[in-house]
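An overview of the molecular structure
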Amino acid sequence: MRRLVIVSNRVPNPRERGPTAGGLAVALRDAIARRETLWFGWSGATAEATATEPAISRHGQLTLATLDLGREDYRRYYQGFANATLWPTLHYRLGLATFDRQDFTGYCSVNAAFAVALAPLLRADDLVWVHDFHLFALGAELRAGGAKQRLGFFLHVPFPPRALFCALPRGAELLRDLAAYDVIGVQTTEDAENLAAALAAEGLPDAAARVAAFPIGIDGEGFASLAQREATKKEAVRFRESLAGRGLVIGVDRLDYTKGLPQRFCGYGQLLKRFPEHRSKVTYLQVTPVSRGDVAQYRALRRELDEWVGRINGHYAEPDWVPLRYMTRAVKRPVLAGFMRGARAGLVTPLRDGMNLVAKEYVAAQDPADPGVLVLSTGAGAARELDGAVLVNPLDPDEIAEGLDQALTMPKDERLDRWGRMNALVRDGNARAWSKGYLAALEG
Ligand code: GDG
């Protein structure tokens, strides 16, 4: 079996079994277990200047090769072009994107530095799988250095319509860089159509033909047994008791403006206003670990959410009922699984999302004898697959309120029917199937 080389912005620390152990590491676990793997990328640490020699550590079949980023590169490449320019643009939020030519230069030079440091580690028959929007240009840099290996790219976030993407200065350059990859993977057919059209319009029909959708999955069975086990443990029991028989609504998202949290909180407020029968009968738990806390837009969002929570709780709380419980700390994965199992409704309303794994985790966590209902945004990639969800437009708080009311009052027969369809899909389209499908395409 050929060696797999994974390249991503961050390389997970194998010793970090902490609460936020990365989604990518979980999704790739199966691929890594099956073959010799080299995982290359940023260490997560910064230094005076970007390292030229990677630090290497071996963990059985898995070798990690990491570079520290120079502080200026971190600011330009990571905080700047990747997070403040590409992230909003790819999520259809051009108005939030800033463009700074020096950030773009920093982005290109980090991609080039990655290529220079990675090239000597490559073997002739390696399969190289590059992940996400931080590394659009890496393939072209590797090719420029003479790499002949099969190079694959996978975009975890959405790809917007061509006119939107090409409004971005240097967008055309990024498209030409993408053409260096042999397989260009995205999450949904809509993303694939958008990206293929953009490449074709740039005069790159061959690259356009190499774009394909590979919807990412989770380890559904693993998550289901985790949730089942955890639901009987102390933390879950204590939590259940604290609900005093009230129905639970759960939301789990990184704190990010793509996740539609202000609209979601407003929607929950509308539920309590327009459907007063739910007052005092339902509790909404929103778990939102802070991410990118050093970016101004994220700090502003945090303040906005604090205000929403204060407004809703101030207005509707009773001495013995807090309508909205909001945490900005991460919760351990097993505990989260147990909480999800106990929730009558999973509320997943991103404005745009490549896939959204939380939607799939919520489905997998349910009790097959008495499942809850997924209320899902039409803007999530997962909505293309999970047809048993109650679909809502995430920009319309009233639609969120109506969706929640429908979920909380849904008869058991309908819940079972909707969940059964979704669960089959989550189990079959799992993380293993995703990486196997992608790697088969990459092997050609
Ligand atoms: C990107 C794309 C695409 C969240 N809070 C806690 C916690 N989480 C876990 C969730 C889930 C993961 O983080 C988040 O994954 P998502 O898919 O929902 O969203 P992004 O982080 O934006 O991921 C997305 C994904 O890549 C994969 O391709 O689906 O569209 O944006 O697993 O459970 N985990 C723990 N504690 C928390 O507090 N343990």
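What counts as what
Residues numbered from 1 in each chain as written. Predicted model: local features only at pLDDT ≥ 70, side-chain atom pairs only at ≥ 80, totals over all residues. Heavy atoms only, no water. Helix = DSSP H or I, 4+ residues; strand = E, 2+ residues; numbered from the N terminus. Buried < 20%, exposed > 50% of the residue type's maximum accessible area, 1.4 Å probe, protein only. Contact = heavy atoms within 4.5 Å. Axes fitted to C-alpha atoms, helices over the stretch in contact; angles between N-to-C directions. Parallel < 35°, antiparallel > 145°, perpendicular 65-115°, else oblique. Left-handed = near helix turned anticlockwise from the far one by under 90°. Nonpolar A, V, L, I, M, F, W, Y, C, P; charged D, E, K, R; others polar. Pairing = 2+ DSSP bridges. Domains from an automatic or database assignment. Buried area = accessible area lost by both parts, 1.4 Å probe. Salt bridge = Lys/Arg side-chain N within 4 Å of Asp/Glu carboxyl O. Polar contact = N/O pair within 3.5 Å; in protein donor to acceptor, adjacent residues only side chain to side chain. Expected span 1.5 Å × (residues − 1). Phe/Tyr/Trp six-rings, centres within 6.5 Å; stacked < 30°, edge-to-face > 60°. Lys NZ or Arg CZ within 6 Å of the ring centre and 35° of its normal.

Here His134 shows up in the loop between strand S5 (127-131) and helix H4 (138-144). The class of His134 is buried, set by a relative accessible area of 9%. What His134 contacts, discounting residues up to four positions off in sequence, is Asn9, Tyr77, Tyr78, Ala82, Asn83, Tyr107 and Asn111.

Two numbers describe how helix H1 (residues 23-34) lies on helix H17 (residues 431-443): the axes approach to 7 Å, and their chain directions differ by 60 degrees. Here H1 lies oblique to H17, going by the angle between them. Crossing of H1 over H17 shows right-handed handedness. Facing H1, whose interface residues are Ala27, Leu28, Asp30, Ala31 and Arg34, H17 presents Ala431, Arg432, Trp434, Ser435 and Leu439. Considering only residue class, the contact of H1 with H17 consists of 6 nonpolar, 1 polar and 3 charged.

A few words now on the sheet that holds strand S11 (residues 324-327). Read across the sheet, 6 strands follow the order S11-S10-S9-S12-S13-S14 without closing on themselves; strand pairing throughout is parallel. Of all strands in the sheet, those with a lone pairing partner are S11 and strand S14 (390-392), marking the two edges. Averaged over neighbouring strand pairs, the angle between their axes works out to 20 degrees when direction is ignored. Pairing analysis gives 3 bridges linking strand S13 (residues 373-377) to S14, with the strands arranged parallel. In the sheet register, Leu376 faces S14, and the bridge partner there is Leu391. Sheet contacts for helix H13 (residues 333-341): strand S9 (247-252) and strand S10 (282-287); angle to S9, the most-contacted strand, approximately 140 degrees.

The subject of this paragraph is the domain arrangement of the protein. Assigned domains within the protein: domain 1 (4-217 + 431-443) and domain 2 (220-428). Each partner contributes residues to the interface: domain 1 has 23 residues there, and domain 2 has 23 residues. Summed over both sides, the interface of domain 1 with domain 2 buries roughly 1,900 Å², with 59% coming from carbon and sulfur. Our count for the contact surface shared by domain 1 and domain 2 stands at 1 salt bridge. A salt bridge links Arg384 to Glu190, with the nearest nitrogen and oxygen atoms 2.9 Å apart. Taken together, the connections running from domain 1 to domain 2 amount to 6 residue pairs in polar contact (both at pLDDT 80 or more). When residues of the side of domain 1 that touches domain 2 are traced back to their parent elements, those giving at least two are helix H2 (71-90) and helix H7 (189-201). A per-element tally of the side of domain 1 that touches domain 2 places H2 first, with 5 residues.

Its 17 residues give helix H16 (residues 412-428) an end-to-end C-alpha distance of 24 Å, which sits within 8% of 24 Å, the value for a rise of 1.5 Å per residue. Buried within H16 we find Arg415, Arg418, Trp419, Met422, Asn423 and Val426.

With the rule as written, the count across this model stands at 25 aromatic pairs. Seen from their ring centres, Phe153 and Tyr181 are 5.1 Å apart, and the 35 degrees between their planes marks the pair as tilted. Here Phe153, found in strand S6 (residues 150-154), pairs with Tyr181, found in the loop between helix H6 (171-178) and strand S7 (183-186); they are 28 residues apart in sequence, far enough to count as distant. The pair formed by Phe153 and Tyr181 is uniform in burial state, with each residue classed as buried. These aromatic residues form a ring-pair network of at least three members: Phe40, Tyr77, Phe81, Phe99, Phe104, Tyr107 and Phe114. Arg10 extends its terminal NZ or CZ atom over the ring of Trp42, reaching a point 5.6 Å from the ring centre.

Note: strands within a sheet are paired through backbone hydrogen bonds, in either parallel or antiparallel orientation. Strand order in this open sheet of 8 strands is S3-S4-S2-S1-S5-S6-S7-S8, and the pairing throughout is mixed. Looking at the sheet topology across the chains shown, the edges are occupied by strand S3 (55-59) and strand S8 (211-213). On average, adjacent strands in this sheet sit at an angle of 25 degrees to one another, irrespective of strand direction. When S3 meets strand S4 (residues 62-70), the two strands line up antiparallel, connected through 5 bridges. Considered in S4, the bridge of His59 is made with Leu62. Across the face of the sheet, H7 comes into contact with S7 and S8 while running at roughly 170 degrees to S8.

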